[in-house]
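Listed below are the residues making up each chain.
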Amino acid sequence: NRVRVALEPGWHNTLVHETVHVIASWLAGGERGRGLDKMSLFNEGLAHWAEPAYRQDAELRRQGHLAVATMFRRHLLNQDELLDDRSLQRNVDWRLQYPLGAGLIEALVKRYGEDAPRRVLVTLAQPDFPSALEGYELYRSAFQRAGLPLPQTWDELFAAGAAFRSRLGDESKTESDAIWI
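Residues numbered from 1 in each chain as written. Predicted model: local features only at pLDDT ≥ 70, side-chain atom pairs only at ≥ 80, totals over all residues. Heavy atoms only, no water.

**A few points about the pattern of salt bridges**
Step number 1: Tallied over the full model, the rule gives five salt bridges.
Step number 2: Residue Asp115 is joined to Arg118 by a salt bridge in which the shortest nitrogen-to-oxygen separation is 2.7 Å.
Step number 3: The class of Asp115 is partly exposed, set by a relative accessible area of 37%.
Step number 4: Relative accessible area serves as the criterion here: at 37%, Arg118 is assigned to the partly exposed category.
Step number 5: The salt bridge partner of Arg145 is Asp128, with a shortest N-O separation of 3.4 Å. On the criterion of sequence distance, the pair formed by Arg145 in helix H9 (residues 135-145) and Asp128 in the loop between helix H8 (116-124) and H9 is long-range, its members being 17 residues apart.
Step number 6: One salt-bridge network, held together by shared partners, links Lys110, Arg111 and Glu156. (Salt bridge = Lys/Arg side-chain N within 4 Å of Asp/Glu carboxyl O. Buried < 20%, exposed > 50% of the residue type's maximum accessible area, 1.4 Å probe, protein only. Helix = DSSP H or I, 4+ residues; strand = E, 2+ residues; numbered from the N terminus.)

Spelled out as structure tokens, the structure:
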């Protein structure tokens, strides 16, 4: 795999993002990996979460949280659709996989620690991990085998969305309503 990075403002974010993809693929078993290519919310979320701009820029994180809160408010977050790549691309703006995925990774790390994403990736590389799984069953199996129950991660993600939404209050309804999804 070859990564091309244009030397322009923010190039280091692209470098980190794409490097995370390479390392994640390697940890998940590379060519023989089972599932990472069908887990775009996790994969893109992990890469976005690792970007220096995302980790250091409170406004960028706030915008991502606002997108997630808007999805909650409009009741557009359905875990089955969100974890299925085809549904995610068909029913939601594909660019939202970055903040939504970063939110999932934040919830995973908050609940289980900094090592949790690596544990999921290594689980995907196990020779006995089922290769035919997709969507919710793929995520559930990967998280469960890694010792990280998915329902608790969802609880953490939904609680974070609800907390952010309540912090926004009524005055933010116009701001979150202005986001086109």
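Read on for the rest.
**Some remarks on helix H2 (residues 40-50)**
Working note: α-helix, 3.6 residues per turn, so residues spaced by three or four point in the same direction.
Step number 1: Counting buried residues along H2, ten of its eleven residues qualify, which places the element largely inside the surrounding structure.
Step number 2: If you check which residues of H2 are buried, you get Ser40, Leu41, Phe42, Asn43, Glu44, Gly45, Leu46, Ala47, His48 and Trp49.

**Side note on the nonpolar core**
Step number 1: In this structure, Met39, Phe42, Val120, Tyr139 and Phe143 are the most contacted members of the largest nonpolar core, which totals 40 residues.
Step number 2: At the level of secondary structure, the elements contributing two or more residues to this core comprise helix H1 (11-27), H2, helix H4 (58-73), helix H7 (97-112), H8, H9 and helix H10 (150-168).
Step number 3: The element best represented in this core is H7, accounting for seven residues.
Step number 4: Apart from residues lying up to four places away in sequence, Tyr139 is in contact with Met39, Ser40, Leu41, Phe42, Leu83, Leu104 and Leu150. (Core = buried A, V, L, I, M, F, W, Y, C linked by side-chain atoms within 4.5 Å. Contact = heavy atoms within 4.5 Å.)

**Section: the side chain of Thr153**
Step number 1: Assignment of secondary structure puts Thr153 in helix H10.
Step number 2: From its side chain, Thr153 meets the backbone oxygen of Pro149 in a polar contact 3.4 Å long.
Step number 3: Residues contacting Thr153, with those up to four places away along its chain left out, are Leu104, Ala107, Leu108, Tyr112 and Phe143. (Polar contact = N/O pair within 3.5 Å; in protein donor to acceptor, adjacent residues only side chain to side chain.)

**Focus: the side chain of His21**
Step number 1: Following the sequence through the fold, His21 ends up in helix H1.
Step number 2: Among the polar contacts made by the side chain of His21, one reaches the side chain of Asn43 at a distance of 3.0 Å.
Step number 3: If we skip the residues at most four places from it in the chain, His21 touches Asn43, Glu44 and Ala47.

**Concerning the environment of Arg111**
Step number 1: Relative to the helices and strands, Arg111 resides in helix H7.
Step number 2: We classify Arg111 as partly exposed; its relative accessible area is 40%.
Step number 3: Placed 45 residues apart in sequence, Arg111 and Glu156 show a C-alpha to C-alpha distance of 7.0 Å.

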